Amino acid sequence: MPVKKYLLKCLHRLQKGPGYTYKELLVWYCNNTNTHGPKRIICEGPKKKAMWFLLTLLFACLVCWQWGVFIQTYLSWEVSVSLSMGFKTMNFPAVTVCNSSPFQYSKVKHLLKDLDELMEAVLDKILAPELGHTNTTSTLNFTIWNHTPLVLIDERNPDHPVVLELFGDSYNNSSPSPGSTCNAQGCKVAMRLCSANGTVCTFRNFTSATQAVTEWYILQATNIFSQVLPEDLVGMGYAPDRIILACLFGTEPCSHRNFTPIFYPDYGNCYIFNWGMTETVLPSANPGTEFGLKLILDIGQEDYVPFLASTAGARLMLHEQRTYPFIREEGIYAMAGTETSIGVLVDKLQRKGEPYSPCTMNGSDVAIQNLYSDYNTTYSIQACLHSCFQDHMIHNCSCGHYLYPLPAGEKYCNSRDFPDWAYCYLSLQMSVAQRETCLSMCKESCNDTQYKMTISMADWPSEASEDWIFHVLSQERDQSANITLSRKGVVKLNIYFQEFNYRTIEESPANNVSVWVGVCLMDP
């Protein structure tokens, strides 16, 4: 009943109005409103009418603009970021250690024999092209070379550059004058990439001959290792008891048995301490070096692959438990012959999900198959980007790259089964459209832990203690190995919490939005 009476009252008030045309309703509103503007537009003289019309229009536009700002601010889903400090017992981070050389040269030498001989001939040709190498080149296996060769680009005449073959005649119709030579100082070294039928070729230029031959060698080695069974590759790398000499966590001794092995194509056999997959996560109750992880590693650089590993040292990374270590992108080097101390500070990031920010809780809403799910690790944007690139490789090149996990039913790229894979891979790697596509599809993780590191180094051991330390370490080794340790082959690591304060950076919805609204003055 009250609703019915209210509707009848409203109907009677409408019936008592001045009329039903728009003009009459507008006049009636202006006469009865308590705002200054509309009433004076009708009642005042011509000049005041114009003035009040402009003022009313101005304030009406300001009100509409403020409403628009208010609605836009609301729809932007802004957040407030709060920073809090905490102090408690924390889980020690997972620590992944690898050798800079992925394989022991003594175990892969038979696979790289032809490639190494070709590499030495290439260096001779680049450094001393005027010398004859007929006897040397006649014994080379050019099967690898024919797929992706290196060339010299003579740019001494900028208007007419000449592409010269390292082994054979010039690639194009033009040729240098008789007797002219071109070495690394006068020419640029480039990598020639051609499709399967050789009709489409591009050149990847390098500013340094060292960089050119290194990239070429890595590409050819990738082609070789992609055809080897994974279990055989593991056997060619550094065994845990070979690389981990000593281990101490806090006051408790540890060994290579406390590390989880994982094969990482860039660095071979890597070992993860405190990964938390099957073992209990180790806590740390105090800051300082006495309560952290201490390691002595033997990198054995006397058995490095000469042309594959130009950096001697250990590669390591700190990360959260149950996360895959993308050590190539996020790892750091520890130099041989030094004691590297790493102080750790912890930052925990907690982002709001949709609609506040485009992050994901577990990757289930990302339209890319996570190829690292077989490791039972949590989602990360690096896993998404690598999976996305491998997906593009399979769709564009019909094979997967050796450095990334392979989907079921697919094959790794190699020159025997996929002759133009290098041309396709490098074209895809340099494609801006491919990178933008993957970046637009992958999302940051909503919850993330970052370890800020303070790194310091000192020579280790000192000259006074070098003899006895290496003597003891050598005696502790398996005597059948017959390995003598030296300063150039040993890395010492100290990893510890620098302080027990951890920062939590958390997003929350912004509740107080201040918007100024302009209104017309009203009669009392």
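Anyway, here's the lowdown on the structure attached to this text. (Residues numbered from 1 in each chain as written. Predicted model: local features only at pLDDT ≥ 70, side-chain atom pairs only at ≥ 80, totals over all residues. Heavy atoms only, no water.)

**Some details on the overall build of the protein chain**
As a reminder, the rule being used: The way it works is that DSSP assigns letters per residue, a run of H or I at least four long becomes a helix, a run of E at least two long becomes a strand, and they are numbered from the N terminus. When checking whether two residues touch, look at their non-hydrogen atoms; a contact exists if any pair is within 4.5 Å. All accessibility values rest on the Shrake-Rupley procedure with a 1.4 Å probe; residue burial counts only the protein chains present in the view.
Within the protein chain, the secondary structure is distributed over 15 helices and 20 strands. Residue pairs at least 24 apart in sequence account for 73% of intrachain contacts in the protein chain once pairs closer than 6 positions are excluded. Element-wise, carbon and sulfur atoms account for 55% of the exposed surface of the protein chain, whose accessible area totals about 29200 Å².

**Some remarks on the pairing of strand 5 (residues 162-165)**
Going by this rule: Type-normalised accessible area, obtained with a 1.4 Å probe on protein chains alone, sets the label of each residue: buried when under 20%, exposed when over 50%, and partly exposed for intermediate values. Being paired, for any two strands, means DSSP has found at least two bridges between them.
Of the two faces of strand 5, both are covered, the one formed by V162 and L164 as well as the one formed by V163 and E165. When strand 4 (residues 150-154) meets strand 5, the two strands line up antiparallel, connected through four bridges. Note that in strand 5 the partner of L152 across the bridge is L164.

**Some details on helix 15 (residues 466-476)**
We apply this condition: As used here, the arc is the angular range of directions from the helix axis to the C-beta atoms.
Taken residue by residue, helix 15 has I469, F470, L473 and S474 as its buried positions. Mapping the buried residues of helix 15 onto a view down its axis gives an arc of 125°, with all of them on the same face. The outward face of helix 15, more than 90 degrees from its buried face, is lined by the exposed residues D467, W468 and E476.

**Structural notes on the sheet that holds strand 15 (residues 332-335)**
Condition: Fitted lines through C-alpha atoms serve as axes, helices being fitted only where they are in contact, and the angles separating the N-to-C directions of these axes extend from 0 to 180 degrees.
Read from one edge of the open sheet, five strands run 10-11-3-14-15, paired in antiparallel fashion. The open sheet is flanked by strand 10 (259-264) and strand 15, the only strands paired with a single partner. Sheet twist, expressed as the mean angle between neighbouring strand axes with direction ignored, is 30°. Relative to strand 15, strand 14 (residues 313-319) runs antiparallel, the two being bridged by four bridges. The residue bridging R315 from the neighbouring strand is Y333, located in strand 15.

**A closer look at the packing of aromatic side chains**
Put simply, the test is: Only the six-membered ring of Trp is used, alongside the rings of Phe and Tyr, when aromatic pairs are assigned; centres must lie within 6.5 Å, and planes under 30 degrees apart are stacked while those over 60 apart are edge-to-face, with the rest tilted. Only when the NZ of Lys or the CZ of Arg is both within 6 Å of the ring centre and within 35 degrees of the ring normal is a charge said to sit over the ring.
Applying the stated criterion across every chain, the model contains 20 aromatic pairs. Ring centres 4.5 Å apart and planes at 45° place the aromatic pair F103 and F225 in the tilted group. Of this pair, F103 sits in the loop between strand 3 (94-99) and helix 5 (105-127) while F225 is found in helix 8 (residues 209-225), placing the two residues 122 residues apart along the sequence. Accessibility assignment for this pair places F103 and F225 in one class, buried. On the numbers, 5.5 Å between centres and 55° between planes, the contact of Y217 with F307 is tilted. Placement of the pair is Y217 in helix 8 and F307 in the loop between strand 13 (293-298) and strand 14, with a sequence separation of 90 residues. Every member of this aromatic cluster is reached through a ring pair, and the members are Y264, Y267, Y324, F326, Y372 and Y375. Seen from the ring of Y333, R315 lies directly overhead, with NZ or CZ sitting 4.4 Å from the centre.

**Points about the pattern of salt bridges**
Quick note on the threshold: In what follows, salt bridge is the name for a side-chain nitrogen of Lys or Arg lying within 4 Å of a carboxyl oxygen of Asp or Glu.
Scanning all chains against the criterion turns up 10 salt bridges. One salt bridge connects D365 with K443, and the closest N-O pair in it is separated by 3.4 Å. Of the two residues, D365 sits in the loop between strand 17 (359-360) and helix 12 (381-397) while K443 sits in the loop between helix 14 (432-441) and strand 18 (444-445), which places them 78 residues apart along the sequence. Connected through salt bridges with shared partners, the residues R242, D298 and E302 form a single ionic network.

**Thoughts on the state of the cysteines**
We count it as follows: Criterion for a disulfide: a pair of cysteine sulfur atoms within 2.5 Å.
What the rule picks out here adds up to eight disulfides. Across the disulfide, C247 is cross-linked to C254 (sulfur-sulfur distance 1.8 Å). As the torsion about the S-S bond is roughly -80°, the C247-C254 disulfide counts as left-handed. Each member of the pair, C247 as well as C254, carries the same accessibility label: buried.

**Quick look at the environment of E302**
Heads up, the rule is: Under the rule applied, a polar contact is a pair of N or O atoms within 3.5 Å (in protein, one hydrogen donor and one hydrogen acceptor; residues adjacent in sequence only if both atoms are side-chain atoms).
Along the chain, E302 falls in the loop between strand 13 and strand 14. Taking C-alpha positions, E302 is 7.8 Å from G489, a pair spaced 187 residues apart along the chain. Separated by 3.3 Å, the side chains of E302 and R242 make a polar contact.

**Focus: the sheet that holds strand 4**
Spatial ordering of the open sheet is given by 5-4-6-7, a layout of four strands whose pairing is antiparallel. With one partner strand each, in any of the chains shown, strand 5 and strand 7 (201-205) form the two edges of the open sheet. On average, each strand axis in the sheet is inclined to that of its neighbour by 40°, with strand direction left out of account. Two strands pair when backbone bridges link them, and strand 4 and strand 6 (residues 187-194) are joined in this way by five bridges, in the antiparallel orientation. Pairing of I153 across the sheet is with K188, part of strand 6. Contacts from helix 8 reach strand 4 and strand 6, with the element oriented near 25° to strand 6. Contacts between helix 13 (residues 421-429) and the sheet are confined to strand 6 and strand 7, with strand 6 contributing the most and set at about 110° to the helix.

**Quick notes on the packing of helix 8 against helix 13**
The cut-off we apply is this: Just so you know how the angles are binned, under 35 degrees is roughly parallel, over 145 roughly antiparallel, 65 to 115 roughly perpendicular, and the rest oblique. Take the far helix as the reference: if the near one is turned anticlockwise from it by less than a right angle, the crossing is left-handed, and if turned clockwise, right-handed.
Relative orientation of the contacting elements helix 8 and helix 13 amounts to 120°, with a least axis distance of 12 Å. One element, helix 8, and the other, helix 13, form an angle in the oblique class. In this structure, helix 8 meets helix 13 at a crossing whose hand is right-handed. Counted together, L219, T222 and N223 of helix 8 and W421, A422, Y425 and L426 of helix 13 form the full contact between these two elements.

Honestly, that's just the spatial picture; any functional story needs more than this.
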